[in-house]
Amino acid sequence: LVCCVALIFVGCQQQVNVEMQTEHQSDKTSEWEIVIDKPVFSSVDPEVEKSCISFNETVTALLLPFQDSVKAQAKEYVKLCVEAGDEPVGPYQLMVEDSVFMANAQYISIRLRIYSFTGGAHGMTTFKSLNYDVKNQKYLTQEEIFDFGKIAEINEQLKANFHNPDNCFTEMPTLEGVSVVNFSTTAVDFTYEQYLLGAYACGVAEISVPRVALKDMLLLK
């Protein structure tokens, strides 16, 4: 009985959780409007917490250039309007939304949807993803996620799981042309920005492929 209890206790001790909160930031002036929702991770385990802190700092550093760029462009636009005697039209915008696909003591996988408007007919949306090996504090490349010797098979799975009911998209998705990749315990998600598979009006294409369908095409364990 003592041995059984000890085994159960050890098993429980091995389970390390990663907690997530969403941090909301807002910076609004007459020149710009910046709204950011980003994930912040933590853990009671000291080593995992250290890795989470490093990851959180990376996310913050990744977004700073976008904020600085929008502010600089907004200031320049207002300056030109003043010099020309024109009234500035609306503030420049930066909106960041987060999607968390996986967060545990093994991997963190997030996607940031970054929308910016700096004049013109419409704004632009771009994506950034971070796929993180928590234990080794390492960001995974696509070559470390997929077996690139099996690109043809991966592209077949992308085609099989691609939904295009209105036939708006005119190009087929491929691994070579994807914007960002994320993964969960059950699926791998592929995101294609506007214009990549069709006209701007078609929007963003998102394809979720079950991990079981990718089988040995994945290097993830």
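Our subject is the structure that appears above.
Residues numbered from 1 in each chain as written. Predicted model: local features only at pLDDT ≥ 70, side-chain atom pairs only at ≥ 80, totals over all residues. Heavy atoms only, no water.

S.K.: Just checking my understanding: could you explain the overall build of the protein chain for this structure?
M.R.: Each helix and strand counted, the protein chain has five helices and nine strands in total. Listing each helix as α and each strand as β along the protein chain from the N terminus yields α-β-β-α-β-β-β-β-α-α-β-β-β-α. C-alpha extents for the protein chain along the principal axes are approximately 85 × 40 × 25 Å. Expressed as a percentage of its 221 residues, the buried residues of the protein chain come to 37%. (Helix = DSSP H or I, 4+ residues; strand = E, 2+ residues; numbered from the N terminus. Buried < 20%, exposed > 50% of the residue type's maximum accessible area, 1.4 Å probe, protein only.)

S.K.: I'm lost on the state of the cysteines in this one. Help?
M.R.: What makes a disulfide is a covalent bond joining the sulfur atoms belonging to two cysteines. This structure, assessed with the given rule, holds one disulfide. Across a sulfur-sulfur distance of 1.9 Å, Cys-168 and Cys-202 are joined as a disulfide pair. Judged by the sign of its S-S torsion, about -85 degrees, the bond between Cys-168 and Cys-202 is left-handed. Residue Cys-168 is located in the loop between α4 (151–160) and β7 (180–183), and its partner Cys-202 is located in the loop between β8 (187–192) and β9 (205–210); the two are separated by 34 residues in the primary sequence. For Cys-168, a relative accessible area of 33% corresponds to the partly exposed category. (Disulfide = S-S within 2.5 Å.)

S.K.: Whenever I open this one, the sheet that holds β8 confuses me. Can you help?
M.R.: Paired through backbone hydrogen bonds, the strands of a sheet run either parallel or antiparallel to each other. What the three strands build is an open sheet, ordered β7-β8-β9; its pairing is antiparallel. This sheet does not close on itself; its edge strands, each paired only once, are β7 and β9. Each strand of the sheet is rotated relative to its neighbour by a mean of 20 degrees, with strand direction disregarded. Of the strand pairs in this sheet, β8 and β9 are connected by six bridges, and their pairing is antiparallel. Each residue of the ladder has a partner; that of Asp-189, found in β9, is Ser-208. (Pairing = 2+ DSSP bridges. Axes fitted to C-alpha atoms, helices over the stretch in contact; angles between N-to-C directions.)

S.K.: Just to check I follow, could you spell out the sheet that holds strand β1 (residues 19–28) for this structure?
M.R.: Read from one edge of the open sheet, six strands run β1-β2-β3-β4-β5-β6, paired in mixed fashion. Because the sheet does not close on itself, it has two edges, and the strands there are β1 and β6 (138–139). Pairing of strand β5 (residues 124–133) with β6, which is carried by two bridges, proceeds in the antiparallel orientation. Bridging across to β6, Tyr-132 finds its partner in Tyr-139.

S.K.: What exactly am I supposed to notice about unusual backbone geometry here?
M.R.: Note: most residues except glycine have negative phi, and most peptide bonds are trans. The backbone of Gln-137 shows a phi angle near 50 degrees, a positive value even though the residue is not glycine. Mapped onto the secondary structure, Gln-137 falls in the loop between β5 and β6. Here the phi dihedral of Tyr-195 falls at roughly 85 degrees; this positive angle occurs in a residue that is not glycine. Along the chain, Tyr-195 falls in the loop between β8 and β9. Its relative accessible area of 47% is what places Tyr-195 among the partly exposed residues.

S.K.: How do you make sense of the environment of Ile-151 when you look at a structure like this?
M.R.: Note on placement: Ile-151 falls in helix α4. The buried category is assigned to Ile-151, whose relative accessible area is 18%. Counting along the chain gives 72 residues from Ile-151 to Lys-79, while the straight-line C-alpha distance between them is 50 Å. In contact with Ile-151, not counting residues within four places along its chain, are Leu-175 and Glu-176. (Contact = heavy atoms within 4.5 Å.)

S.K.: Sorry if this is basic, but what is going on with helix α2 (residues 46–84) here?
M.R.: Since there are 3.6 residues in each turn of an α-helix, residues three or four apart along the chain are aligned in direction. In this model, α2 (39 residues) spans 57 Å end to end at C-alpha, consistent with the 57 Å of a helix rising 1.5 Å per residue. Along α2, the residues classified as buried are Val-48, Ser-51, Cys-52, Phe-55, Asn-56, Val-59, Leu-63, Gln-67, Val-70, Ala-74, Val-78 and Cys-81. In this fold, the buried residues of α2 make contact with β2 (32–42), β3 (92–103), β4 (107–117), β5 and β6. Where α2 begins, one side-chain oxygen reaches toward the backbone nitrogen of Glu-47, 3.1 Å away; that side chain belongs to Asp-45. In the stretch just after α2, Gly-85 is the one whose phi turns positive, near 75 degrees. (Expected span 1.5 Å × (residues − 1). Polar contact = N/O pair within 3.5 Å; in protein donor to acceptor, adjacent residues only side chain to side chain.)

S.K.: Even after reading the chapter, I still don't get the pairing of β7, so can you show me in this structure?
M.R.: A regular strand carries its side chains on alternate faces of the sheet. Neither face of β7 is open: one carries Val-180 and Asn-182, the other Val-181 and Phe-183, and all of them are buried. Hairpin connection of β7 to β8: three residues between the antiparallel strands.

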